[in-house]
Amino acid sequence: MKDNIALIGFMGSGKSTIGRILAKYMDMKFIDIDKMIAAREKKSIPEIFSEKGEQYFRKLERDIVKEESLNNNIVIATGGGVIIDNENIKNLKETSFVVYLDCTIECIYERVKNSKTRPLLNVENMFEKIQELHQKRELLYKISSDFIIKIDSNSNMYDTAEKIKKA
Ligand code: S3P
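The present account deals with the structure reproduced in this document. Along each chain, numbering runs from 1 in the same order as the chain's sequence is written. Thresholds applied to this predicted model are a pLDDT of at least 70 for local features of residues and 80 or more for the giving and counting of side-chain atom pairs; totals over whole chains, interfaces and linings are not thresholded and use all residues. As a rule here, side-chain values come from all non-hydrogen atoms in the structure, and water together with hydrogens is ignored.

## Side note on the overall build of the chain
A tally of regular secondary structure across the chain gives 8 helices and 5 strands. Across the chain, helices and strands are ordered from the amino to the carboxyl terminus as β-α-β-α-α-α-β-α-β-α-α-β-α. When we talk radius of gyration, it's over C-alpha atoms, and the globule rule is simply 2.2 Å times the number of residues to the 0.38. Compactness check: the chain gives a C-alpha radius of gyration of 15 Å against a globular reference of 15 Å for 167 residues, within 12% of the reference. Principal axes of the C-alpha set define a box for the chain whose edges measure 40 × 35 × 25 Å. Buried positions account for 47% of the 167 residues belonging to the chain. The helix and strand labels rest on DSSP assignments: H or I over at least four residues marks a helix, E over at least two residues marks a strand, and numbering proceeds from the N terminus. With a 1.4 Å probe rolled over the protein chains alone, any residue whose accessible area is under 20% of its type maximum counts as buried; one over 50% counts as exposed, and the rest are partly exposed.

## Topic: the site of the ligand
Within the structure, the ligand sits among 13 residues, and Lys15, Asp34, Arg58, Arg118 and Arg137 are positioned closest to it. Separating an oxygen atom of the ligand from a backbone N or O atom of Gly81 is a distance of 3.2 Å. All amino acids are sorted into three groups, where Ala, Val, Leu, Ile, Met, Phe, Trp, Tyr, Cys and Pro are nonpolar, Asp, Glu, Lys and Arg are charged, and the leftover types, Gly among them, are polar. Class assignment for the residues of the shell around the ligand results in 5 nonpolar, 3 polar and 5 charged. Near, as used in this document, describes a residue that has one of its heavy atoms within 4 Å of the molecule or strand being considered. Any N or O atom pair separated by 3.5 Å or less is treated as a polar contact, with the protein-specific requirement of one donor-capable and one acceptor-capable atom, and with residues adjacent in sequence counted only for side-chain atom pairs.

## With respect to the packing of helix 2 (residues 33–41) against helix 3 (residues 45–52)
Following both chains from N to C, one finds helix 2 and helix 3 inclined at 60°, their axes separated by 9 Å at the closest point. Viewed along their axes, helix 2 and helix 3 adopt a mutual orientation that is oblique. In this structure, helix 2 crosses over helix 3, and the sense of that crossing is left-handed. Residue-level contacts link Asp34, Ile37, Ala38 and Glu41 of helix 2 to Ile45, Ile48 and Lys52 of helix 3. When grouped by side-chain class, the residues that make up the contact of helix 2 with helix 3 number 4 nonpolar, no polar and 3 charged. With axes taken as lines fitted to C-alpha atoms, and helix axes fitted only over the stretch in contact, angles between N-to-C directions fall between 0 and 180 degrees. Oblique is the label for any angle not covered by the other classes, which are roughly parallel (under 35 degrees), roughly antiparallel (over 145) and roughly perpendicular (65 to 115). Crossing handedness is defined as follows: a turn of the near helix away from the far one that is anticlockwise and smaller than a right angle gives a left-handed crossing, while the clockwise case is right-handed. Contact definition: two residues touch when any of their heavy atoms are within 4.5 Å.

## Side note on the packing of aromatic side chains
In this scheme Phe, Tyr and Trp rings, the latter by its six-membered ring, pair at centre separations within 6.5 Å, and the angle between planes marks the pair as stacked below 30 degrees, edge-to-face above 60, and tilted otherwise. Across all of its chains, the model carries 4 aromatic pairs by this definition. Ring geometry for Phe97 versus Phe147: centroids 6.1 Å apart, planes at 25°, classification stacked. With Phe97 in strand 4 (residues 96–103) and Phe147 in strand 5 (residues 147–151), this residue pair connects regions lying 50 residues apart in the sequence. What makes Phe97 partly exposed here is its relative accessible area of 21%. Taking relative accessible area as the criterion, Phe147 reaches 27% and is therefore assigned partly exposed. Between the aromatic rings of Tyr100 and Tyr141, the centroid separation amounts to 5.0 Å while the plane-to-plane angle is 15°, which identifies the pairing as stacked. Taken together, the residues Tyr100 in strand 4 and Tyr141 in helix 7 (residues 126–144) connect sequence positions 41 residues apart. The class for Tyr100 is buried, based on a relative accessible area of 1%.

## Focus on the nonpolar core
Formed by 50 residues in total, the largest nonpolar core has its most connected members in Ile5, Ile8, Ile37, Leu92, Ile130 and Ile164. Here this core gets 5 residues from one element, more than from any other, and that element is strand 4. Apart from the residues lying within four places of it in its own chain, the contact partners of Ile37 are Ile45, Ile48, Phe57, Leu60, Glu61 and Ile64. By convention a nonpolar core is built from buried Ala, Val, Leu, Ile, Met, Phe, Trp, Tyr and Cys residues, the set being connected through side-chain atoms within 4.5 Å.

## Focus: the environment of Gly19
Mapped onto the elements, Gly19 comes out in helix 1 (residues 15–26). Taking relative accessible area as the criterion, Gly19 reaches 0% and is therefore assigned buried. Sequence-wise, Gly19 and Ile130 are 111 residues apart; in three dimensions their C-alpha atoms are separated by 22 Å. Once you skip the residues sitting within four places of it in the chain, Gly19 turns out to touch Leu7, Gly14, Phe30 and Val75.

## Remarks on the packing of helix 4 (residues 54–69) against helix 5 (residues 86–95)
Helix 5 packs onto helix 4 with a crossing angle of 15° between their chain directions and a minimal axis gap of 9 Å. With respect to each other, helix 4 and helix 5 are oriented roughly parallel. The way helix 4 lies across helix 5 gives a crossing that is left-handed. Residues Glu61, Arg62, Val65, Lys66 and Ser69 of helix 4 lie in contact with helix 5, whose contacting residues are Glu87, Asn88, Asn91, Leu92 and Thr95. Its residues assigned to classes, the contact of helix 4 with helix 5 comprises 2 nonpolar, 4 polar and 4 charged.

Right, here's the structure in full:
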């Protein structure tokens, strides 16, 4: 039964911030998959990537998405790469109303350009890397979602949460 809400979207699209607001509006519990991964490993996400590798991170991500999907009445903020795994898409779609925060590339870049916590964007030409990854993932975000919200630098997170609540 779809009684959770899962937020998907690229890094920097606002999944955690909007998820927390939405959970308050809906009187639901909020969980953040990346935070749970970090807590389970007792390491930051960059440490997990550099010490154990992306495959190891993806396995943890898959396990935690599976476990948390079994919950009821929760708002789930996912990591931006959750949709690259078919099992994650299946688990989320079966149990959650999946919302894609469709943020423009320019807005994503503005939000993440000074971030040091995203190992996949820790490259010289970050804007090009965002474009490349975004292009690879866009269709997956779209086909994984029940509802799409467009976001740009003028968007207000409270309005976005309100729109999701209405949907
Ligand atoms: C990732 C996104 C990150 C985090 C990890 C990998 C990705 O989460 O899960 O660095 O593959 O897009 P955010 O979307 O919260 O930044």
